[in-house]
Amino acid sequence: YNILKDIVMLDFIMSGDYAFANAAKMRQLGVDGSVRYVSPRFFFNANATWQRVCKEEYFTQNAEGETVSSDNYIVFGGNTLGTPELISNITAAYCPYTGEGKGFFKGGTLWLRGTVSAQTKTYYKDIDMQSTFHGYMEYSLLHEVRPQCTIGLGLSYEWKHLDLDVSVKNITDNQYCIGSMLTCGVPRPGRQFVAKATVKF
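Below: a short report on this structure. All values reported here derive from a predicted model rather than from experimental measurement.

## Notes on a nonpolar patch on the surface
Now for step 1: Judged by side-chain polarity, Y37, F42, Y94, L112, L155 and V166 come together as a nonpolar surface patch covering roughly 530 Å² of accessible area.
Now for step 2: Within the secondary structure layout, V166 lies in strand β12 (residues 162-169).

## Digging into the packing of aromatic side chains
To describe a pair of aromatic rings, one takes the distance between the centres and the angle between the planes.
Now for step 1: In the structure shown here, the tally under the stated rule is one aromatic pair.
Now for step 2: On the basis of an interplanar angle of 45 degrees and a centroid distance of 6.2 Å, the ring pair of Y37 and F42 is categorised as tilted.
Now for step 3: On the basis of relative accessible area, Y37 is assigned to the partly exposed category, the value being 48%.

## Structural notes on the side chain of N45
Now for step 1: Note on placement: N45 falls in strand β3 (residues 42-53).
Now for step 2: Polar contacts involving the side chain of N45 include one to the side chain of R36, which spans 3.2 Å.
Now for step 3: Residues in contact with N45, not counting those within four places in the same chain, are V35, R36, N89, I90 and T91.

## A short note on the pattern of salt bridges
Any two side chains of opposite charge can pair, so long as their charged atoms come close to each other.
Now for step 1: Scanning all chains against the criterion turns up three salt bridges.
Now for step 2: Residues D165 and R113 are paired through a salt bridge, measuring 2.9 Å at the closest nitrogen-oxygen approach. One end of the pair, D165, is in strand β12; the other, R113, is in strand β8 (residues 109-119), and 52 residues separate them in sequence.

Conventions and cut-offs
- Residues numbered from 1 in each chain as written.
- Predicted model: local features only at pLDDT ≥ 70, side-chain atom pairs only at ≥ 80, totals over all residues.
- Heavy atoms only, no water.
- Patch = residues over 30% accessible without salt bridge, like charges linked within 9 Å, V, L, I, M, F, W, Y side chains within 5 Å.
- Areas by Shrake-Rupley, 256 points an atom, 1.4 Å probe, with all protein chains shown as cover.
- Salt bridge = Lys/Arg side-chain N within 4 Å of Asp/Glu carboxyl O.
- Helix = DSSP H or I, 4+ residues; strand = E, 2+ residues; numbered from the N terminus.
- Phe/Tyr/Trp six-rings, centres within 6.5 Å; stacked < 30°, edge-to-face > 60°.
- Buried < 20%, exposed > 50% of the residue type's maximum accessible area, 1.4 Å probe, protein only.
- Polar contact = N/O pair within 3.5 Å; in protein donor to acceptor, adjacent residues only side chain to side chain.
- Contact = heavy atoms within 4.5 Å.

Below, the structure is given as structure tokens:
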């Protein structure tokens, strides 16, 4: 249960300019859960987070007399803009080889891994700052981002002081944008290929 005060917000001031102020506040309720299993040749970890903005009399009422769930901060459907209600991640890895070979392969360890990340839908707005901070939210265009799921695969080899790793993130090239209170339409990375070599001393 989070009581958030003095959140940074963008305020429209009388001079016609914008200024940042620690003036927003909000209350959130959330639950985190995780499970993990580890063995010499297998690893599994899963976690999930659920969060929602509370609606309490602690906050002021809007022009229609309804109790709002935050003060000076933009929320929609019980969540802050750009924040999913449910986020989950799963990582699993298997070790098919533990160094029974010769030469470079003697004493090395090979790991295969997979990751899955998922989230529920989110919202963001194309915000007209001047009208928004004068209470005219109807001039801001609301966008809905559908639920998302990204999958990754990786292969790593550990040998003495050397670690080699290759991976593909977001295999399906799932492309979408996220937004926040002040910024909308920020693109998330699509398919990525990553190769790393690490030397440990």
